[in-house]
Amino acid sequence: MKVHIGNKPHQPEALANPVGLHRIHSPSSRRGYLSAGLVGVFMLFFLLAVLIGVSIFFDLMGIGETAVDNTTTPWGVIIFALLIFIPLHEFLHMIWYPKFGFSAQTTLIIWPQKLRFGVYYAGCISRRRWLWMRIAPLLVLSFIPTCLLILLYIVPIPYSYNAFLQLLMLANTIGSGGDVVAILFVMRQVPRSTDICFHEGKAYWR
């Protein structure tokens, strides 16, 4: 794995149609950011609705306890959750690449000035593996914390733990909107049992 500090390395213009590869078309930057934001907010509302519905159900059944009250805002936990969710999100993407992301084809991008952190891959992986790579952060950092919050509703726990799970779920769900949009585009354009390739900064299938 290579590490690059700053913006991702400049790459020459990609060929219009490399031999044996079919271009995967993506939306414009403005449309892509808008779609990612809307999808992220929709997923967050859905998970929050699930949590609210479960809490109402437990209250009506007379079971469960809320988290232990704490009048002090756990700022340390809040800052930690905000700092850790992006590296965890990218790590869960990275481990689905060949050699768990530690091959020479993987580049870790750290751009301190823009507070950006990401993983880029140059090569081909199966469509199925790519889909799991894309959905993994949403499953691990959003759906699992939501399930834990439901299970922990009947167990009194320190408020800081509850706040950490809530904030991790919130931030990652919104941040996963782009992953879901990418999945929808790939499922629509790329046939099953094919490979997805990254060539000179652009995505193709073969």
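A quick note: this is a predicted structure, and the numbers were derived from the prediction, not measured.

Rules of the game
Residues numbered from 1 in each chain as written. Predicted model: local features only at pLDDT ≥ 70, side-chain atom pairs only at ≥ 80, totals over all residues. Heavy atoms only, no water. Patch = residues over 30% accessible without salt bridge, like charges linked within 9 Å, V, L, I, M, F, W, Y side chains within 5 Å. Areas by Shrake-Rupley, 256 points an atom, 1.4 Å probe, with all protein chains shown as cover. Salt bridge = Lys/Arg side-chain N within 4 Å of Asp/Glu carboxyl O. Helix = DSSP H or I, 4+ residues; strand = E, 2+ residues; numbered from the N terminus. Polar contact = N/O pair within 3.5 Å; in protein donor to acceptor, adjacent residues only side chain to side chain. Contact = heavy atoms within 4.5 Å. Phe/Tyr/Trp six-rings, centres within 6.5 Å; stacked < 30°, edge-to-face > 60°. Buried < 20%, exposed > 50% of the residue type's maximum accessible area, 1.4 Å probe, protein only. Core = buried A, V, L, I, M, F, W, Y, C linked by side-chain atoms within 4.5 Å. Pairing = 2+ DSSP bridges. Axes fitted to C-alpha atoms, helices over the stretch in contact; angles between N-to-C directions. Parallel < 35°, antiparallel > 145°, perpendicular 65-115°, else oblique. Left-handed = near helix turned anticlockwise from the far one by under 90°. Nonpolar A, V, L, I, M, F, W, Y, C, P; charged D, E, K, R; others polar.

A closer look at a nonpolar patch on the surface
Alright, step 1. The grouping of Val41, Phe45, Leu48, Ile52, Ile56 and Leu60 at the surface amounts to a nonpolar patch, some 580 Å² of accessible area in total.
Alright, step 2. Tracing the chain through its elements places Leu60 in helix H1 (residues 29–61).

Details of the side chain of His89
Alright, step 1. Following the sequence through the fold, His89 ends up in helix H2 (residues 75–94).
Alright, step 2. Among the polar contacts listed, one links the side chain of His89 to the side chain of His93, at a separation of 3.1 Å.
Alright, step 3. Dropping the residues within four chain positions of it, His89 is found in contact with Pro137, Leu141, Asn172, Gly175, Ser176 and Asp179.

Let's talk about the packing of aromatic side chains
Alright, step 1. Evaluation of the coordinates by the stated rule reveals 5 aromatic pairs.
Alright, step 2. Seen from their ring centres, Phe80 and Phe164 are 5.9 Å apart, and the 25° between their planes marks the pair as stacked. Of the two residues, Phe80 sits in helix H2 while Phe164 sits in helix H4 (residues 159–175), which places them 84 residues apart along the sequence.
Alright, step 3. With relative accessibility at 46%, the residue Phe80 sits in the partly exposed group.
Alright, step 4. Overall, Phe164 belongs to the partly exposed group, its relative accessible area being 21%.
Alright, step 5. Taken together, the ring pairs in this structure connect Phe57, Phe58 and Tyr153 into an aromatic cluster.

Focus: the nonpolar core
Alright, step 1. Counting residues in each nonpolar core, the largest one holds 16 residues, and the members touching the most others are Tyr97, Trp130, Val186, Val190 and Ile196.
Alright, step 2. For this core, the secondary structure elements donating two or more residues are strand E4 (116–121), helix H3 (127–151) and helix H5 (177–189).
Alright, step 3. Not counting chain neighbours up to four residues away, the residues in contact with Trp130 comprise Ile125, Ala182, Ile183, Val186, Ile196 and Phe198.

So, the sheet that holds strand E7 (residues 202–205)
Alright, step 1. The strand order E2-E7-E6-E5 describes an open sheet built from 4 strands, whose pairing is antiparallel. In this open sheet, the two edge strands, each paired with only one partner strand, are strand E2 (22–23) and strand E5 (124–126).
Alright, step 2. Pairing geometry for E5 and strand E6 (residues 195–199), over 3 bridges, is antiparallel. Paired with Ile125 across the bridge in E6 is Ile196.

Side note on the packing of H2 against H3
Alright, step 1. Contact geometry of H2 with H3 gives a least axis separation of 7 Å together with a crossing angle of 135°. When the interaxial angle is binned, H2 and H3 end up oblique. Crossing angle aside, the handedness with which H2 passes H3 is right-handed. Where H2 abuts H3, its residues Phe85, Leu88, His89, Leu92 and His93 lie against Met133, Arg134, Ala136, Pro137, Val140 and Leu141.
Alright, step 2. Split by residue class, the contact of H2 with H3 holds 8 nonpolar, 2 polar and 1 charged.

A closer look at the pattern of salt bridges
Alright, step 1. Counting across every chain of the model gives 2 salt bridges.
Alright, step 2. Here Arg134 makes a salt bridge to Asp179, at a shortest N to O gap of 2.5 Å. Taken as a pair, Arg134 in helix H3 and Asp179 in helix H5 lie far apart in primary sequence, 45 residues in all.
Alright, step 3. Accessibility expressed as a relative area gives 24% for Arg134, which makes it partly exposed.
Alright, step 4. Here Arg206 and Asp195 are joined by a salt bridge, their closest N and O atoms 3.5 Å apart. Residue Arg206 is found in the segment after E7, and its partner Asp195 is found in strand E6; the two are separated by 11 residues along the sequence.
Alright, step 5. According to the relative accessible area criterion, Arg206 is partly exposed, its value standing at 47%.

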